[in-house]
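Below, each chain spelled out in residue letters.
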Amino acid sequence: MFERIPFSSFGEFLNMGGYAFNVWTVYLLFVIFLLVNLLGPRRRRKQLMKELERRAVLAERQQPDSSD
Amino acid sequence: MWQWFHRWGSPKWFYDLSGRWLPWLTGALILFLVVGVVWALLFVPQDYQQSYTTRILVVHVAVASTSLAFFPIMAVAGTITLVWKMKMADMVAKTVAPLGAWFSALTLASGSIWGSVMWGTWWEWSDSRLTSMLFQFFLLISVISLRSALNDSETAAKACAVLSIVGCVNVVIIKYSVEWWNTLHQPASALSMNSGSANGPAFWVPTLVMVIAMYLLMAVHVMMATRNEILRRESRSQWVQDLVLAAK
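Just so we're clear, the structure is a prediction, and the values are computed from it rather than from any experiment.

(A) Region of interest: the overall build of chain A. Scanning chain A from N- to C-terminus turns up 2 helices and 0 strands. Looking at chain A as a whole, 15% of its 68 residues are labelled buried.

The following block contains the structure:
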């Protein structure tokens, strides 16, 4: 199960036995897929919190006596 | 049991609980991803026929097998929405669908890139596995557009629930397509414990690590997106307003 690294040089690793384009394209797509689906909801949350804060400030201004 | 069920139905309870779970799940996700990717790229041995393209399959198999979980999850959530009208279930169903579309798209793309060198073709319309997976992608796009097309959120929830339950039929077709019709896509490999075998643990252990990473990714994404949906839908409730003021 724990095999030795089958490459003898870094160039060989990049070359992937001649399938460099296919292997690295898939891993690039995989990284894009991870970034979009992990950072997307985080960014959306920040936008949402800003929007809700803005609304809370507006509501406070409209009813100053009910703010506490 | 009922108390447990009711608690899960409370958006605030879900929000608090997921807030406590997210750091742990994210940590586990990063751990499994790093181990999975490093193992796949560096240590998976060269196959005598496929050379190093087996590195593509570690990602492809993990993403593809996880993609089959989306319709069953949406169907369970949809059934809960239809029977008990639980708001939380519909929020989860809504956030799961776009992620499922991403999983299906990556399955198709990675499979195609692998097939282009190993099968000599990017796409084969007569192959049942390929076409049924493409159909799943289109079904998920339909669920997403159905929700955005219907203005009334209750009608949209019901319509999406029905479509999700019907969509499960396709999951069964995808799963057994390679056994029912024998065209291009190979059936699942029989796992072998023998490390000398072409299907040995050197291939399937890193794949299993990646499958776990993909389910963790699903959990983390769905929790984050559902929390956003809770904030949006419950923005008028007191606890959300308190939360916003506390964060300011």
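Structure's up, so let's keep going.
(B) Structural view of the overall build of chain B. What chain B contains, in helices and strands, is 9 helices and 0 strands. Tracing chain B from N to C terminus, the helices and strands come up as α-α-α-α-α-α-α-α-α. Oriented by its inertia axes, the alpha-carbon framework of chain B measures out at about 65 × 35 × 35 Å. Looking at chain B residue by residue over its 248 residues, the buried ones come to 40%.

(C) Quick peek at the environment of B:Val44. Residue and element names in this part refer to chain B. Residue placement: Val44 occurs in the loop between α2 (11–43) and α3 (54–67). Distance in space between the C-alpha atoms of Val44 and Thr54 is 7.8 Å, their sequence separation being 10 residues. Sequence-distant contacts of Val44, that is, excluding residues within four places in its chain, are made with Trp39, Thr54, Arg55, Val58, Ala202, Phe203 and Pro206.

(D) Structural context of the packing of helix α4 (residues 70–84) of chain B against helix α7 (residues 153–180) of chain B. All names here are of chain B. Packing of α4 against α7 leaves a shortest axis separation of 8 Å and a crossing angle of 145°. For the pair α4 and α7, the sense of crossing is left-handed. Contacts between α4 and α7 involve Phe71, Pro72, Met74, Ala75, Gly78, Thr79, Thr81 and Leu82 from the former and Ala157, Lys158, Cys160, Ala161, Ser164, Ile165, Gly167, Cys168, Asn170 and Val171 from the latter. Its residues placed into classes, the contact of α4 with α7 shows 11 nonpolar, 6 polar and 1 charged.

(E) Expanded view of the packing of α3(B) against helix α8 (residues 201–233) of chain B. Residues and elements named next belong to chain B. Following both chains from N to C, one finds α3 and α8 inclined at 40°, their axes separated by 8 Å at the closest point. As far as their axial angle goes, α8 and α3 are oblique. For the crossing formed where α3 meets α8, the hand is right-handed. Along the contact surface, α3 presents Thr54, Val58, Val59, Val61, Ala62, Val63, Ser65 and Thr66, while α8 presents Phe203, Pro206, Thr207, Met210, Val211, Met214, Tyr215 and Met218. Its residues assigned to classes, the contact of α3 with α8 shows 12 nonpolar, 4 polar and no charged.

(F) Broad picture of the nonpolar core. All names here are of chain B. Residues Ala93 and Met210 are the most contacted members of the largest nonpolar core, which totals 66 residues. Tallying contributions element by element places α8 first for this core, with 15 residues. Setting aside its immediate chain neighbours within four residues, Met210 contacts Gly36, Ala40, Val58, Val59 and Ala62. The next biggest cluster of nonpolar side chains, apart from the first, holds 5 residues, and it includes Leu68, Leu108, Leu130 and Ile174.

(G) Examining unusual backbone geometry more closely. Residues and elements named next belong to chain B. Of note, the phi angle at Ser51 is positive, near 55°, even though the residue is not glycine. With respect to the secondary-structure elements, Ser51 resides in the loop between α2 and α3. Accessibility expressed as a C-beta count within 10 Å gives 16 for Ser51, which makes it partly exposed. Phi is positive for Lys85, close to 55°, though the residue is something other than glycine. Counting through the fold element by element, Lys85 comes out in the loop between α4 and α5 (87–118). For Lys85, a count of 13 C-beta atoms within 10 Å translates into the label partly exposed.

(H) View of the confidence of the model for chain B. Put simply, chain B has an average pLDDT of 89, and 96% of its residues get 70 or more. Confidence estimates for the predicted assembly give a pTM of 0.90 and an ipTM of 0.89.

(I) Examining the environment of B:Ile56 more closely. Among the structural elements, B:Ile56 can be located in helix α3. The sequence separation of B:Ile56 and B:Ser110 amounts to 54 residues, and the corresponding C-alpha distance is 6.9 Å. Setting aside its immediate chain neighbours within four residues, B:Ile56 contacts A:Asn22, A:Val23, A:Val26, B:Ser110, B:Ile113 and B:Trp114.

(J) Structural view of α7(B). Residue and element names in this part refer to chain B. Here α7 spans 39 Å end to end across 28 residues, near enough to the 40 Å set by a 1.5 Å rise per residue. Most pronounced at Ile174, the bend in α7 amounts to some 35°. Of all the residues in α7, the buried ones are Ala157, Cys160, Ala161, Leu163, Ser164, Gly167, Ile174 and Ser177. The inward-facing, buried residues of α7 abut α4, α5 and α6 (128–149).

(K) Quick look at helix α2 (residues 20–62) of chain A. Between its first and last C-alpha, α2(A) extends 62 Å over 43 residues, near the 63 Å set by a 1.5 Å rise per residue. Of all the bends in α2(A), the greatest reaches close to 30° and is centred on A:Leu39; the proline A:Pro41 follows between one and four positions later. Those residues of α2(A) that sit buried are A:Asn22, A:Val23, A:Val26, A:Phe30, A:Phe33, A:Asn37, A:Pro41 and A:Leu52. Taken together, the buried residues of α2(A) touch α3, α5, α8 and α9 (238–247) of chain B.

Reading guide: rules and limits
- For every chain, the first residue of the written sequence is number 1, and numbering continues from 1 along that sequence.
- Chains and ligands are labelled sequentially in the order written, the chains with letters from A and the ligands with numbers from 1.
- In keeping with the model being predicted, local features are shown solely for residues with a pLDDT of at least 70 and side-chain atom pairs are shown and tallied solely at 80 or more, while totals for entire chains, interfaces and linings include all residues.
- Only DSSP runs of H or I reaching four residues or more are called helices, and only runs of E reaching two or more are called strands; each is numbered from the N terminus.
- Three exposure classes are used, based on other C-beta atoms lying within 10 Å of a residue's own C-beta, which is placed from the backbone: buried for 20 or more, exposed for 12 or fewer, and partly exposed in between.
- By the convention adopted here, residues are in contact when the distance between their C-beta atoms, placed from the backbone, does not exceed 7 Å.
- To obtain an axis, a line is fitted to C-alpha atoms, over the contacting stretch when the element is a helix, and the angle between two such axes runs from 0 to 180 degrees between their N-to-C directions.
- Left-handed is the label given to a crossing in which the near helix is rotated counterclockwise from the far helix by less than a right angle, and right-handed is the label when the rotation is clockwise.
- Under the grouping applied here, Gly and all other residues not named as nonpolar or charged are polar, the nonpolar ones being Ala, Val, Leu, Ile, Met, Phe, Trp, Tyr, Cys and Pro and the charged ones Asp, Glu, Lys and Arg.
- Comment on the angle field: the value is read as roughly parallel under 35 degrees, roughly antiparallel over 145, roughly perpendicular from 65 to 115, and oblique elsewhere.
- Think of a nonpolar core as buried Ala, Val, Leu, Ile, Met, Phe, Trp, Tyr and Cys residues, each tied to the set through C-beta atoms within 7 Å.
- One number per residue, pLDDT, summarises how confident the predictor is, and it ranges from 0 to 100.
- Multiplying one less than the number of residues by 1.5 Å gives the expected span of a helix.
- The bend at a residue is defined as the angle formed between two axes, one fitted to the seven residues ending at that residue and one fitted to the seven starting there.

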